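# Secondary and tertiary structure notes
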Amino acid sequence: MRPIDAAAPLPTRYDFLRGAYGPFRANNDLLYYHLDIRVDPEKQWVSGKNTIRFKMLKDGTRIQLDLRDTLTIDKILLGDKTLKYERDTGAVFVDFPETLRAGQVYSIDFYYSGHPEETGRFGGMTFKKDPSGHVWINTACEETGASMWWPDKDQWRDEVESMDISVAVPNGLMDVSNGKFVGKTDLGDGYTRWDWHVSYGINNYNVSLNIGDYVHFGEEMTEPSGAKLAMDYYVLPEDLDKAKVQFAQVRGMIEAYQHYFGEYPFIKDGYKLVEAPYSGMEHQSAVTYGNLFKNGYLGRDWTGVGINTRFDFIIIHESGHEWFGNSITADDSSDMWIHEGWTTYLETLYVEYRWGHDDALKYMSGLKPKVINMRPIVAERGVNAQPTEDQYFKGALMINTLRSVVNDDAKWWTLLHDFYQHFKYQNIMTEDVVAWWNLHTGMNLTPIFNQYLRHAHIPRLELLFGEAPGMVMYKWDADEDSFAMPVKVGAPEHWQIIHPTTKWQNMQTTLSKDDFQVATDLYYIDVNKQ
């Protein structure tokens, strides 16, 4: 059993302070960051400042920011005034000598320095060497939080509207960060500053550094609107030839997702794929890649059904997050299935776009053995809780089930497109997703969403044969009392749709118990025949 799928751990004080959207978070609205830092590879040291511009929503004299206590706060300035602050685990409560007024915009400079502690799945911020012995520094901090390497408002609900990233590194190295490349400046002291501008809202964990001996190549494609999308690739010199072959998949990936959802969401910033020393991460407009320049996942058939080896899993999955996760973002980490369930479903849409519906269903079936069903997908709110890995696979299987419930593919494609377009560039919760689908399908899908997302077990279709010839009794066994979901039963050549509830019903059939089938490739359910 994977630790993340076991019982949810008790939140710590750090989790409460980081996860809660308390009064000193809620009293202000982020507008802009300028992260301006210097990275010293020899000392493994980061120093500099983050300029934070925000609008007050209520009168107040305190706001909450975040910086791990392994890093030093050098000073926090409002203009030329030094501000007082209190630290509590990772939280930084900044106090102002005079009341900040609602509706007014303020800007502070948060200076800090230190050695970021290597932590988390991909190390948070790592100081490594590439295979040729050159400096290679990267960040990836979705679960651990961005405040482990830079000061920010370390939560998901409130994003800046735009951002500048300036990173000074020793001459001869390159920094690749999010957004559009603005330029580089030789600082005259052995360091060069690389400047990037992000034109869109960006989640704090998406902000990234990639410092190394990179070489660059690129291409361009024309969007349906006629806009030009720059596609830039940064890899180690020894991997250039392999990258030119493998990254040819990017164009087809973008075309597939545009087909279903609309244009690439960050056209002004472009699309980047950046080599990194870990498998990959969805950093907005600067997706990181470490999939060994092989198809599958690190060279393996990820779903075990012979389809994943046709494409590069990291390119297809992590780039899918540009639509779900980066453009549409959950308000709280507890609802991260909005990122991962949808993007896993996008993998199947890519398969369907390239190879057809039958292969997409086959690919989907390979997800089922990965589901654990130990606890609900939606985790506790406001305590920095991480959902189980079921958010990926069970989430995608639920969405595929929803398609079968709609049972009209023309309508389904319109719903998918309109759902994304309605919520793009927004931060949302599960309740927003459910309300939208209820409204636009004209169905009460709440019990279905609740069963898959808020309970551990999937619905089980109970089938009872034998009381009388030619009759079968049926009902759903589900945690939701009002659970009702249509399902196709009978024979694949001529499915019959029944509408079970949690109460017994019956139907006539000419099929025997052994011949009576349920379309379990279209619905993620258990079936119990008696």
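This report concerns the structure included in the present document. It should be emphasised that the depicted structure is a prediction, and the values quoted were computed from it without experimental measurement.

## With respect to the packing of helix H6 (residues 337–355) against helix H8 (residues 390–406)
Closest axis-to-axis distance for the H6/H8 pair is 7 Å, and the angle between their directions is 60°. As summarised for this structure, H6 and H8 are arranged oblique, according to the angle between their axes. Between H6 and H8 the crossing geometry is right-handed. Residues Trp337, Glu340, Gly341, Trp342, Thr344, Tyr345 and Glu352 of H6 lie in contact with H8, whose contacting residues are Gln391, Tyr392, Gly395, Ala396, Met398, Ile399, Asn400 and Arg403. Grouping the constituent residues of the contact of H6 with H8 by class yields 7 nonpolar, 5 polar and 3 charged.

## Description of the sheet that holds strand S8 (residues 105–114)
Strand pairing in a sheet relies on backbone hydrogen bonds. The paired strands run either parallel or antiparallel. If you walk across this open sheet you meet the 8 strands as S5-S4-S8-S2-S1-S11-S14-S13, and the pairing is mixed. At either margin of the open sheet sits one strand with a lone partner, and together these are strand S5 (81–82) and strand S13 (180–186). Pairing between strand S1 (residues 28–40) and strand S2 (residues 45–56): 12 bridges, direction antiparallel. Its bridge partner lying in S2, His34 is registered against Thr51.

## Observations regarding the sheet that holds strand S3 (residues 60–66)
Taken in spatial order, the 3 strands make up an open sheet running S3-S7-S6, and their pairing is antiparallel. One side of each edge strand has no neighbouring strand; the edge strands of this open sheet are S3 and strand S6 (84–88). For this sheet, the mean angle separating the axes of adjacent strands, direction not counted, is 25°. Two strands pair when backbone bridges link them, and S6 and strand S7 (residues 91–100) are joined in this way by 5 bridges, in the antiparallel orientation. Residue pairing for S7: Arg87 is matched across the bridge by Val92.

## Examining the side chain of Asp335
Within the secondary structure, Asp335 is located in the loop between strand S21 (329–330) and H6. The class of Asp335 is buried, set by a relative accessible area of 0%. Asp335 has contacts with Ala330, Val378, Arg381, Met429, Thr430 and Glu431, leaving out every residue within four places of it along the chain.

## Digging into the nonpolar core
One finds Phe247, Val250, Tyr271, Trp337, Trp437 and Phe449 to be the most contacted residues of the largest nonpolar core, which totals 105 residues. Counting residues per element, this core draws most heavily on H8, at 9 residues. Those residues in contact with Phe247, other than ones at most four positions away along the chain, are Phe217, Glu219, Tyr233, Val235, Leu273, Tyr289, Phe293 and Ile315. Core analysis: the second largest hydrophobic core is formed by 54 residues, Leu30, Met56, Ile137 and Val274 among them.

## Section: the pattern of salt bridges
Across all of its chains, the model carries 19 salt bridges by this definition. A salt bridge links Arg18 to Asp154, with the shortest nitrogen-to-oxygen separation between them at 3.7 Å. Of this pair, Arg18 sits in helix H1 (residues 13–19) while Asp154 sits in the loop between strand S10 (135–140) and strand S11 (162–170), and the two are 136 residues apart along the sequence. According to the relative accessible area criterion, Arg18 is buried, its value standing at 6%. With its nearest N and O atoms 3.0 Å apart, the salt bridge here joins Arg101 to Asp59. Of the two residues, Arg101 sits in the loop between S7 and S8 while Asp59 sits in the loop between S2 and S3, which places them 42 residues apart along the sequence. Taking the relative accessible area as the measure of exposure, Asp59 reaches 47% and is therefore partly exposed. Taken together, the salt bridges that share partners define one network made up of Asp335, Arg381, Glu431 and Arg454.

## A closer look at the packing of H6 against helix H7 (residues 357–365)
Axis separation between H6 and H7 bottoms out at 7 Å; the angle between their running directions is 150°. With respect to their mutual orientation, H6 and H7 come out roughly antiparallel. For H6 against H7, the interelement crossing comes out right-handed. Note on element contacts: H7 touches H6 through His357, Asp359, Ala360, Tyr363 and Met364, opposite Tyr345, Glu347, Thr348, Val351, Glu352 and Trp355.

How each quantity is defined
Residues numbered from 1 in each chain as written. Predicted model: local features only at pLDDT ≥ 70, side-chain atom pairs only at ≥ 80, totals over all residues. Heavy atoms only, no water. Axes fitted to C-alpha atoms, helices over the stretch in contact; angles between N-to-C directions. Helix = DSSP H or I, 4+ residues; strand = E, 2+ residues; numbered from the N terminus. Parallel < 35°, antiparallel > 145°, perpendicular 65-115°, else oblique. Left-handed = near helix turned anticlockwise from the far one by under 90°. Contact = heavy atoms within 4.5 Å. Nonpolar A, V, L, I, M, F, W, Y, C, P; charged D, E, K, R; others polar. Pairing = 2+ DSSP bridges. Buried < 20%, exposed > 50% of the residue type's maximum accessible area, 1.4 Å probe, protein only. Core = buried A, V, L, I, M, F, W, Y, C linked by side-chain atoms within 4.5 Å. Salt bridge = Lys/Arg side-chain N within 4 Å of Asp/Glu carboxyl O.

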